Structures are given as structure tokens and as C-alpha cells.
Amino acid sequence: MEEDSVSGGHSQKEWRERFMTTVIQSENEKLTHFNVLTKDKYQQLINEVETAANTDKKTPLQQRRLKRFGVIDIGGVKKLVAAGERNQDIKYYLTVDELYDVIDAAHGAVGHGGRDRMLAETSKKYANITKEEIQLYLSMCQSDNGREFVNKVISEVTQLWPELKIVHGKPRHSQSQGSVERANQDIENMLASWIADNKTTKWSEGLRYVQFMKNRAFHSGIKQSPYKAMFGMDPRVGLEQKLEHPSPN
């Protein structure tokens, strides 16, 4: 969403502030370490890691710092990263005020998919984004967009089918239908986001895109995307240019 966009009466800035407040409060209550970093704590860790790296006789704390963290310089800006082998991809630590935007971008990158796909996406580059933080973001999206989406669908269906009667109640075997309900909710959220992004009420036109995004997204059960499981390769996205070289005379 754009910075000034409003969904359900809340701007992106308001959602970001609400997310930050909830994350910090949760962190203070359970007293976890290093998953949520304020700017001051982030800079403190950078200073401690650099000091430890330049100290010959290291204290136990300094050894722990170097085992867990590293510091790199990008254009004159020092970044805290996860310690690892040289050939491994760099994973960055984020400050608390950076979390929301990164998670929001990952949500779009996986086609507004669910928690596991978002976690797989963010874990490629970042070291301290947790399932709990992603679930918080998703719950905020669902509470804001879910009811509005349902109301729009019901309105459209009743116009096409005036005799429609809606019966509210629980299925007989709700526990056995848990996986189906989660899949349905995932599709509903993706479709609601597609409708909002494209500013349209023609939700049926978004089904083909939702289907493709679901099939190309990482699935925790099979450890790959359904598309790759079926065809043995990742889906091709975008344009490809094939150059034909003239055959030698």
C-alpha cells in the first residue's frame, strides 16, 4: 500500500506505529533477546562487535558477540549481520522500526500468501524476523480487510441471486476441516489484497493470479512450490529474450 493510502480507516503510517507498539510490548513482556532491536540497542551491538573484533584477549561476552554477529560497511553505513561462513548469504538484523516495511514488502512478494511463505521469503535476507511478528502483521490485515471483503462478495452474490439465504453456523466437524479452512482463508486474503491493489470489485478476474501465486509460493509441507513439485522447475516470470546465433557457413 502507498504511505497515504487508507484501508478500513487506517493509514499505512498508523498500521506501522500500531505494529511497532505491539511488538515492543510483547518483547518486554516475554523478555526475549535480539529479535527486537531498538536503534540504540542496534548501535550498541555494532560497537560491542567492533570492539570485540579488535581485542586480543576476548571476554566470554565478546566471544558470544562474535559468534552471533558481524558488522559490514555499506556506503559508509554500518550494518549488523548474522555471523557466518564467507560463502554464505548475508543476513541482516533489523531495528524495530524497519520490521513492518520489510514484512509488508514480503507479503506482496509472495502474492499476499500466508505466514510460512512469508517467513521463507524474509529468512533469505534477514536474521531476526519471527513467526510471531509475521502473524501479528497478518492478523492486522485480516481484521482490517477481511470483513469488508466478505461484505462486498455477499452484496454481489445477492444481486445476482435475490433468493439467496445466508445461514450462519459452525460445520459439524470443524476440527477435521481445519486445513481446508486455513487454505480458504489464505485464498480469501490474497484475493482481497488483489482487489485492493487493482481498485476493482471484479474479484473473479483475480482468481487466475491468485492461483498462480499460490502455485509458485514455497510450501512448508513439501519444502518447495507446488509448481516445482509438478513440473520440476521454478515458474518463469517476466520476459525472456532468446538470441538466435547464425549457424556457421
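Just so it is clear, the structure is predicted and the values come from calculations on it, not from any experiment. Each residue is numbered by its place in its chain's sequence as written, counting from 1. Totals for whole chains, interfaces and linings use all residues, but because this is a predicted model, local features are given only for residues with pLDDT of at least 70 and pairs of side-chain atoms are given and counted only at 80 or more. To obtain the side-chain values, all non-hydrogen atoms of the structure were used and water was disregarded.

(A) Broad picture of the pairing of strand β4 (residues 77–82). Strands were regarded as paired on the criterion that DSSP finds at least two bridges between them. Helix numbering and strand numbering both begin at the N terminus, where a helix is a DSSP run of H or I of at least 4 residues and a strand a DSSP run of E of at least 2. Two elements, strand β3 (residues 69–74) and β4, share six bridges in a ladder whose sense is antiparallel. Residue pairing in the sheet places I72 in a bridge with K79 of β4.

(B) Structural context of the pattern of salt bridges. In the sections that follow, a salt bridge refers to a side-chain nitrogen of Lys or Arg positioned within 4 Å of a carboxyl oxygen of Asp or Glu. Tallied over the entire structure, the rule returns six salt bridges. The partner of D101 in a salt bridge is R16, with the nearest N and O atoms 2.9 Å apart. Taken as a pair, D101 in helix α4 (residues 96–109) and R16 in helix α1 (residues 12–30) lie far apart in primary sequence, 85 residues in all. Judged by relative accessible area, R16 falls into the buried class, the value being 14%. The salt bridge involving K124 is made with E121; its shortest N-O contact spans 3.4 Å. The classification of residues rests on relative accessible area computed with a 1.4 Å probe and restricted to protein chains. Under 20% of the type maximum is buried, over 50% is exposed, and intermediate values are partly exposed.

(C) Focus on the packing of α4 against helix α5 (residues 115–122). Angles shown run from 0 to 180 degrees and are taken between the N-to-C directions of axes, each axis being a line fitted to C-alpha atoms and, for helices, limited to the stretch in contact. Put simply, α4 and α5 touch, their axes get as near as 9 Å, and they point 115° apart. In terms of orientation, α4 and α5 fall into the roughly perpendicular class. Crossing of α4 against α5: the hand is right-handed. Facing α4, whose interface residues are I103, A106, H107 and A109, α5 presents M118, E121 and T122. Ten residues, namely Ala, Val, Leu, Ile, Met, Phe, Trp, Tyr, Cys and Pro, are considered nonpolar, four, namely Asp, Glu, Lys and Arg, are considered charged, and the remaining ones, Gly among them, are considered polar. Here the contact of α4 with α5 is built from residues that sort into four nonpolar, two polar and one charged. In these notes the angle categories are as follows: under 35 degrees is roughly parallel, over 145 is roughly antiparallel, 65 to 115 is roughly perpendicular, and the rest is oblique. By convention, the crossing between two helices is left-handed when the near helix turns anticlockwise from the far helix through less than a right angle, and right-handed when the turn is clockwise. In this description, contact between two residues means that some pair of their heavy atoms is separated by no more than 4.5 Å.

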